Amino acid sequence: MTQLKTHQDGIPSTPGKIKMDRSPYIHRLRWQFSLAKLTFWSCLFLGLILLFFLRSTPSSSSSSYSLLSGTDSTRRSLVSTWGGPDWEKRVRDSSKIRSHNGISVLVTGAAGFVGTHVSAALKRRGDGVLGLDNFNDYYDPRLKRSRQARLERSGVFIVEGDINDSALLKKLFDVVAFTHVMHLAAQAGVRYAMQNPGSYVNSNIAGLVSLFEVCKSANPQPSIVWASSSSVYGLNNKVPFSERDRTDQPASLYAATKKAGEEIAHTYNHIYGLSITGLRFFTVYGPWGRPDMAYFFFTRDILKGKPIPIFEGPNHGTVARDFTYVDDIVKGCLGSLDTAEKSTGSGGKKKGPAQLRIFNLGNTSPVPVTTLVSILERLLKKKANRVMLKMPRNGDVQFTHANITLAQTELGYKPTTDLQTGLKKFVRWYLSYYSDSGSKKRSDE
């Protein structure tokens, strides 16, 4: 029983049901509350519609566009042109399937670390591959341009554009009926989210929705494989991490946007019949890697004689990562594409249940970061100037460890490269890349 007690309105505080219609004041209060709720949700809904249209303002197929990225105070603009007969020919040629039972794949983030390796592997086996990348300056764009040149030599054309440009995405699907999308474009990095949070929402959430919107309306709809992250496990302390474990305690904004992406994927699968596979990558490393990753800048700073920060957990606890070599990740990506079922929708309408999957892609052998540094010291033949620091509360977690049983069963995924072997290949590439062209390719100072 509920009791309602008030003296201002003369309503008796007796137990049992209260007939609310006896008081004009209560009627007025309910009406005002309902009006306030209606006003709030109407404003929110209109705001979201306005935001969507501002982000997806159409442009002609041969026009230029400008994209304001996130909430960065510098408000950097991405300006690019696309369209025309020559451009369309390049798109078609790059996307042409050259093998029996091959697939045609749009790879977003193709000039990125994993995107470059996946695109090259698909092209080598005769699949049609078209890249899409905005070449932002989160890290040195010259490295991305070098990757682009490498891919173009193998016949992969990378369209310069952004996943939030819905007109461009629609045009690409008008020119090529892609069977698959490998969505790797994202704002990466855990710590950078504290400096520029808007860029993560813009790329990892709005960009994902933009891509799904175009894919749901395509006819035929493509099958989609996209990169989530092991970061979604957040503060989960059960190891190894399994796809069945809870992922509702993100430790960083980056992790939160990736978790949001998984929920968005579920929605588009459920409503529109898109076949969607999410991949939770575990600390990918290797040649052509990202300069913001520890193994990369440790190598740079050891060679320069600079101190390198090594974090430790509470009570001097070990910080370890499930380092996964990029070639093993590529095998998991290709396995996901090859086993992806067709989407079941057409023209934005679902015709039946569609495949929805999530897989861990890791190495299953966590290695302490101190061991990583020791391996680099041996390979570089130079001692590191180690500085031990307490792990800051900036989104990093102390330990990652992948349970890959599901990927092994469903994808035939089997990592084969240990950290010693993988780092040896990385160091060989690093020394070659940054010595061949001098200042043109020097790593960040």
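The rules behind the values
- Residues numbered from 1 in each chain as written.
- Predicted model: local features only at pLDDT ≥ 70, side-chain atom pairs only at ≥ 80, totals over all residues.
- Heavy atoms only, no water.
- UniProt positions renumbered as here; feature names shortened; annotations may be inferred.
- Pairing = 2+ DSSP bridges.
- Helix = DSSP H or I, 4+ residues; strand = E, 2+ residues; numbered from the N terminus.
- Axes fitted to C-alpha atoms, helices over the stretch in contact; angles between N-to-C directions.
- Contact = heavy atoms within 4.5 Å.
- Phe/Tyr/Trp six-rings, centres within 6.5 Å; stacked < 30°, edge-to-face > 60°.
- Polar contact = N/O pair within 3.5 Å; in protein donor to acceptor, adjacent residues only side chain to side chain.
- Salt bridge = Lys/Arg side-chain N within 4 Å of Asp/Glu carboxyl O.
- Buried < 20%, exposed > 50% of the residue type's maximum accessible area, 1.4 Å probe, protein only.
- Lys, Arg positive; Asp, Glu negative; His and termini not counted.
- Right-handed = clockwise from strand over helix to strand, strands pointing away.
- Expected span 1.5 Å × (residues − 1).
- Bend = angle between axes of the 7 residues up to and from the residue.
- Parallel < 35°, antiparallel > 145°, perpendicular 65-115°, else oblique.
- Left-handed = near helix turned anticlockwise from the far one by under 90°.
- Nonpolar A, V, L, I, M, F, W, Y, C, P; charged D, E, K, R; others polar.

- In the nomenclature of an unreviewed UniProt entry, the protein is known as UDP-glucuronate 4-epimerase of Papaver somniferum.
- Among the UniProt annotations of the protein, the heading Catalytic activity (unreviewed entry) holds the following wording: "UDP-alpha-D-glucuronate = UDP-alpha-D-galacturonate".
- Check the Subcellular location (unreviewed entry) section of the UniProt entry for the protein; it says "Golgi apparatus, Golgi stack membrane".

Description of the sheet that holds strand S5 (residues 157–160)
Here's step 1: The strand order across the open sheet formed by 7 strands is S5-S4-S3-S6-S7-S8-S15, and the pairing between neighbours is parallel. Two strands in the sheet have a free side with no partner beyond their single neighbour: S5 and strand S15 (356–361). Taken pair by pair, the neighbouring strands of this sheet meet at an average axis angle of 20°, ignoring direction.
Here's step 2: As defined by bridge partners, strand S4 (residues 128–133) adjoins S5 across 4 bridges and the pair is classed as parallel. Bridge pairing in S5 places Leu130 opposite Phe157.
Here's step 3: Set on the sheet, helix H5 (residues 166–175) makes contact with strand S3 (104–108), S4, S5 and strand S6 (180–183); between it and S4 the angle comes to about 170°.
Here's step 4: Across the sheet, helix H6 (residues 197–217) touches S6, strand S7 (223–227) and strand S8 (276–281), and the angle it forms with S6 is around 180°.

Quick look at the packing of aromatic side chains
Here's step 1: Evaluated as defined, the whole model comprises 30 aromatic pairs.
Here's step 2: Arranged with centres 6.4 Å apart and planes meeting at 90°, the rings of Tyr285 and Phe323 form a pair that is edge-to-face. Note that Tyr285 is positioned in strand S9 (residues 284–285) and Phe323 in the loop between strand S11 (320–321) and strand S12 (324–325), a separation of 38 residues in sequence.
Here's step 3: Look at Trp288 and Tyr433: their rings are 5.4 Å apart centre to centre, the planes differ by 65°, and that puts the pair in the edge-to-face class. With Trp288 in the loop between S9 and helix H8 (294–304) and Tyr433 in helix H12 (residues 419–436), this pair connects stretches of sequence that are 145 residues apart.

Side note on the environment of Asp292
Here's step 1: Among the secondary structure elements, Asp292 is positioned in the loop between S9 and H8.
Here's step 2: The sequence separation of Asp292 and Tyr192 amounts to 100 residues, and the corresponding C-alpha distance is 9.6 Å.
Here's step 3: Leave out the neighbours within four places in its chain, and Asp292 touches Tyr138, Gly189 and Phe297.
Here's step 4: There is a polar contact of 2.7 Å between the side chain of Asp292 and the side chain of Tyr138.
Here's step 5: Among the polar contacts made by the side chain of Asp292, one reaches the side chain of Arg290 at a distance of 2.8 Å.

Considerations on the pattern of salt bridges
Here's step 1: Applying the stated criterion across every chain, the model contains 18 salt bridges.
Here's step 2: As a salt-bridge pair, Arg92 and Glu88 come within 3.5 Å of each other at their nearest N and O atoms. Here the residue Arg92 and the residue Glu88 both occupy positions in helix H2 (residues 85–95), the gap between them amounting to 4 residues, near one helical turn.
Here's step 3: The partly exposed category is assigned to Arg92, whose relative accessible area is 42%.
Here's step 4: A residue is classified by how much of its surface remains accessible, and Glu88, at 16% relative accessible area, is buried.
Here's step 5: Put simply, Asp248 and Arg246 hold a salt bridge, and the shortest N to O gap is 2.8 Å.
Here's step 6: Linked by salt bridges that have partners in common, Glu88, Arg92 and Lys171 make up one network.

Looking at the side chain of Lys123
Here's step 1: Tracing the backbone through its elements, the reader meets Lys123 in helix H3 (residues 113–124).
Here's step 2: Buried and without a salt bridge, Lys123 has Asp93 as its closest oppositely charged side chain, separated by 9.0 Å.
Here's step 3: With near-sequence residues (within four places) excluded, Lys123 lies in contact with Asp93, Ser94, Arg98, Val129, Ser154, Gly155 and Val156.

Observations concerning the pairing of S3
Here's step 1: Most of S3 is tucked away: 5 of the 5 residues are buried.
Here's step 2: The side-chain alternation of S3 yields two buried faces, one formed by Ser104, Leu106 and Thr108 and the other by Val105 and Val107.
Here's step 3: Strand direction decides the pairing type here: S3 and S4, joined by 5 bridges, are parallel. Across the sheet, the residue bridging to Ser104 is Gly128, located in S4.
Here's step 4: In this fold, S3 hands off to H3, which returns the chain to S4; that crossover is right-handed.
Here's step 5: When S3 meets S6, the two strands line up parallel, connected through 4 bridges. By the bridge assignment for S6, Val105 is matched with His180.

Digging into H6
Here's step 1: Between its first and last C-alpha, H6 extends 30 Å over 21 residues, near the 30 Å set by a 1.5 Å rise per residue.
Here's step 2: The largest bend in H6 amounts to roughly 30° and is located at Ala206.

What to know about the packing of H8 against H12
Packed helices, taken two at a time, are described by their axes: the angle between them and the distance between them.
Here's step 1: One way to put it is that H8 packs onto H12 with a least axis distance of 11 Å and a crossing angle of 60°. Classified by the interaxial angle, the pair formed by H8 and H12 is oblique. Crossing of H8 against H12: the hand is right-handed. In contact with Tyr295, Phe296, Thr299, Arg300 and Leu303 of H8, H12 contributes Leu423, Phe426, Trp429, Tyr430, Leu431 and Tyr434.
Here's step 2: Its residues assigned to classes, the contact of H8 with H12 shows 9 nonpolar, 1 polar and 1 charged.

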